[in-house]
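Here's the letter readout for the chains.
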Amino acid sequence: MALNFGWFIILFMDFSKILDYVTPQGLKDIIKNLQGRNAELVDENEDLFSESEKNKKRIQELEDQIRILKGEKPIPKFKEPKDLTSDENKNKKKDKNKSPRSPRRKKINLKIDETVDLKVDRSKLPAGAIHNGYRQITIQEILFERHNICFNIERFIDPKTGKIIEAVIPAQYKDHEYGPTLRSFIVAQYFESDSTHSKIKASLESIDIDISKSQINNILLNSSSEFKNELVELREAALEKEKWQQIDDTSWKILKKTSVYTIVTGNSYFTQFATVLSKSRHSVIYALTGKKEPKYKLNELAIDYASGVRNSLKLKMFLYGKKSDKLYNQIELKQLFETDEFKELPKASLRDIRTGMYLAAFREGVFGYNGEALMSDDAPQFDYIFITHALCWIHEMRHYKLIETKYPENAIRLNNFISRCWTFYRIIKISQKNLTEKRSRLVLNIFNLLFGNEGRTGFKLLDKQRNLSFLKAEKLLAPLWNRNLPLHNNGSELDVRGKVIKRKISLFNKSQRGADAWDLYLGLSESCRKLKVNFYQKVLKTFNKIPTQSLGSMVYST
């Protein structure tokens, strides 16, 4: 009764007179109720504010798309300038322990192709001048000029058979209209320097090379197959060296196809791209196998996967009746699905069965060795493929950076939490190098304090995201027990950046064949970067048929 009467007083009387009518315990109850109600209103307001900010961003994206469809440019996005007057930026000082910038490399190691002696005009020398040797300077120069070759191929006729016998054309020129140096230049300019067909054509025409954009395109498409086997060898060597892969994907475009995607896989030694029609788990497995022809197996793992997705006991019992050790190819699988029993199943179930059978063959090593662990972001299509699956900490922390807050106290809680997370990230990194039982217990305790129920902050949106992170504990802490795994997926993002830049410049491919050629050359370029091999020289020596150390053997020798 005291509580209800207290509410009556608050609503209808002056606050200064409350003490005359309310007991101390009643006043405590009123204040406690007000605090609870205030906290509820703050959380509700935060939810509305967060939703409002998301809607603003979505509206802006839709407005930009409308402008693009109208042929107009979207509103440019500018980063907010730093507040140079803030104490944080004012007090930033240079690190005294930071190593000084290394001096510029001297020219003493340059290879000299030509030496020219410059003589003093003897007529200008004074009488009695004494010779004092030479002073050397080195000038770097390039010879960028046309060098057309005409082969006069000697021919003989066998008088008995009438067969024509010709001199042998050098292997690097055979079946080609353009020489290996010119073809290497085109490949390097297009894939490493991101030049367009038009720019390459203009550069070559400036030195009187007669070439068209279609001929440039043919060189880019037809020469990629020369590197295919070497990249297969590199991938196998890289996976034996580091027993894990990392993965990421980006949208792509092929003419006359609604949408396609490029999946990038790799580790510290190799990069491989695969352009596929969907972001499905089936496509992910295809990329992780090195783009090998899919095979399928209806074993227990496939059955558990297919029935588990739909949580269907009926489907599980049906598939157990079809269980076998047979390895299906794509044609045989299609024939299996066309039988009367499988035709009755929904398309979604058939898709899950197909993916489960593909996963079963992958896990059994049908496609060779593909590593023992996967590092990725939290996209659902990357789940269930590897038993050991690690999540990227950088991607996980982005969820917290996207949290919007209106109240300063919540902003302080959020910033403090993010700061503690990055400290914890560094602790994992240090512990990973020399893990002991004591350190592992310490890391687990800190993780529970940060993301468990004991570490609740009182900021509803933050605590909700903390609970989601807590459910990913096994994947986020996987690098702690697998020292070879990185803590982030930045390697894949760096790999895919080259193709994203290429997309901005050249927009799209006209065919799957063009997309495959791009995948191969860009994968070769990124792999060369990782192994510190000059991409242009690698292409040039391959086109010139010069025997060189393969990229795979370089990995084995490290």
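Figured I'd write up the structure that's included with this text. (Residues numbered from 1 in each chain as written. Predicted model: local features only at pLDDT ≥ 70, side-chain atom pairs only at ≥ 80, totals over all residues. Heavy atoms only, no water.)

1. Quick notes on the overall build of the protein
Link 1 in the chain: The number of helices and strands found in the protein is 23 helices and nine strands.
Link 2 in the chain: Taking all 558 residues of the protein together, the buried fraction comes to 37%.
Link 3 in the chain: A separation of at least 24 residues holds for 65% of the contacts in the protein among residues at least 6 apart in sequence.
Link 4 in the chain: For the protein, the exposed surface amounts to about 36,800 Å²; the carbon and sulfur share of it is 53%. (Helix = DSSP H or I, 4+ residues; strand = E, 2+ residues; numbered from the N terminus. Buried < 20%, exposed > 50% of the residue type's maximum accessible area, 1.4 Å probe, protein only. Contact = heavy atoms within 4.5 Å. Areas by Shrake-Rupley, 256 points an atom, 1.4 Å probe, with all protein chains shown as cover.)

2. Digging into the packing of helix H4 (residues 180–191) against helix H22 (residues 535–543)
Link 1 in the chain: Interaxial distance between H4 and H22 falls to 9 Å at its minimum, and their mutual angle equals 150 degrees. Viewed along their axes, H4 and H22 form a crossing whose handedness is right-handed. Contacts between H4 and H22 involve Pro180, Thr181, Arg183, Ser184, Phe185, Val187, Ala188 and Phe191 from the former and Phe535, Tyr536, Val539, Leu540 and Phe543 from the latter.
Link 2 in the chain: Class assignment for the residues of the contact of H4 with H22 results in 10 nonpolar, two polar and one charged. (Axes fitted to C-alpha atoms, helices over the stretch in contact; angles between N-to-C directions. Left-handed = near helix turned anticlockwise from the far one by under 90°. Nonpolar A, V, L, I, M, F, W, Y, C, P; charged D, E, K, R; others polar.)

3. Details of the nonpolar core
Link 1 in the chain: Counting 42 residues, the largest nonpolar core has Ile186, Val187, Phe191, Ile211, Tyr521, Leu524 and Phe535 as its most contacted members.
Link 2 in the chain: Elements with a contribution of two residues or more to this core: H4, helix H5 (197–205), helix H6 (213–222), helix H7 (228–241), strand E4 (260–266), helix H21 (512–530), H22 and helix H23 (551–557).
Link 3 in the chain: The biggest single contributor to this core is H21, with seven residues.
Link 4 in the chain: Not counting residues up to four positions away in its chain, the partners in contact with Ile186 are Ile200, Leu204, Ile211, Ile216, Ile219 and Leu220.
Link 5 in the chain: Counting 36 residues, the second largest nonpolar core, distinct from the first, contains Leu333, Ile353, Leu359 and Leu374. (Core = buried A, V, L, I, M, F, W, Y, C linked by side-chain atoms within 4.5 Å.)

4. Some thoughts on the packing of H21 against H22
Link 1 in the chain: In the contact formed by H21 and H22, the axes pass within 9 Å of each other and the chain directions differ by 120 degrees. As the angle between them shows, H21 and H22 are arranged oblique. Contacts between H21 and H22 involve Tyr521, Leu524, Ser525 and Cys528 on the former and, on the latter, Phe535, Lys538, Val539 and Phe543. (Parallel < 35°, antiparallel > 145°, perpendicular 65-115°, else oblique.)

5. Structural notes on helix H15 (residues 408–433)
Link 1 in the chain: With 26 residues, H15 extends 39 Å between its outermost C-alpha atoms, agreeing within 8% with the 38 Å of an ideal straight helix rising 1.5 Å per residue.
Link 2 in the chain: All buried positions along H15 are accounted for by Asn410, Leu414, Phe417, Ile418, Cys421, Phe424, Tyr425, Ile428, Ser431 and Gln432. (Expected span 1.5 Å × (residues − 1).)

6. Details of the sheet that holds strand E8 (residues 373–376)
Link 1 in the chain: Spatially, five strands are ordered E5-E4-E3-E8-E9 in an open sheet, and the strand pairing comes out mixed. One side of each edge strand has no neighbouring strand; the edge strands of this open sheet are strand E5 (271–276) and strand E9 (388–391). On average, adjacent strands in this sheet sit at an angle of 25 degrees to one another, irrespective of strand direction.
Link 2 in the chain: As judged from the three bridges shared by strand E3 (residues 244–252) and E8, these two strands associate in the parallel manner. Looking at the pairing, Gln245 lines up with Leu374 of E8.
Link 3 in the chain: Most of the contacts of helix H8 (residues 281–288) go to E4, to which it runs at about 40 degrees, and overall it touches E3, E4, E5 and E8. (Pairing = 2+ DSSP bridges.)

7. Regarding the packing of aromatic side chains
Link 1 in the chain: Taken as a whole and assessed by the stated rule, the structure comprises 22 aromatic pairs.
Link 2 in the chain: Judged by centre distance (5.9 Å) and plane angle (55 degrees), the rings of Phe227 and Phe543 are tilted. Remark: Phe543 occurs in helix H22 and Phe227 occurs in the loop between H6 and H7; sequence separation between them is 316 residues.
Link 3 in the chain: The buried category is assigned to Phe543, whose relative accessible area is 1%.
Link 4 in the chain: With a centroid separation of 5.8 Å and 70 degrees between ring planes, the pair formed by Trp393 and Phe424 is classed as edge-to-face. Pair noted here: Trp393 is in helix H14 (residues 393–401) and Phe424 is in helix H15, with a separation of 31 residues, a long-range link.
Link 5 in the chain: On the basis of relative accessibility, which here comes to 0%, the residue Trp393 falls in the buried class.
Link 6 in the chain: An aromatic cluster is defined as three or more aromatic residues linked by ring pairs; in this entry it consists of Tyr190, Phe191, Phe227, Trp252, Trp518, Tyr521 and Phe543.
Link 7 in the chain: Taking NZ or CZ as reference, Lys502 lies 5.9 Å from the ring centre of Trp518, over its face. (Phe/Tyr/Trp six-rings, centres within 6.5 Å; stacked < 30°, edge-to-face > 60°. Lys NZ or Arg CZ within 6 Å of the ring centre and 35° of its normal.)

8. So, the pattern of salt bridges
Link 1 in the chain: As enumerated under the stated definition, the model contains 20 salt bridges in all.
Link 2 in the chain: Residue Glu300 is joined to Lys323 by a salt bridge in which the shortest nitrogen-to-oxygen separation is 3.9 Å. A residue pair is termed long-range when its members are at least 10 positions apart, and Glu300 in helix H9 (residues 300–310) and Lys323 in the loop between helix H10 (313–320) and strand E7 (327–328) qualify at 23 residues.
Link 3 in the chain: Accessibility expressed as a relative area gives 41% for Lys323, which makes it partly exposed.
Link 4 in the chain: Among the salt bridges present, the one from Lys322 reaches Glu341, with a minimum N-O distance of 2.2 Å. In this pair, Lys322 sits in the loop between H10 and E7 while Glu341 sits in helix H12 (residues 340–343), placing the two residues 19 residues apart along the sequence.
Link 5 in the chain: A relative accessible area of 43% places Glu341 in the partly exposed class. (Salt bridge = Lys/Arg side-chain N within 4 Å of Asp/Glu carboxyl O.)

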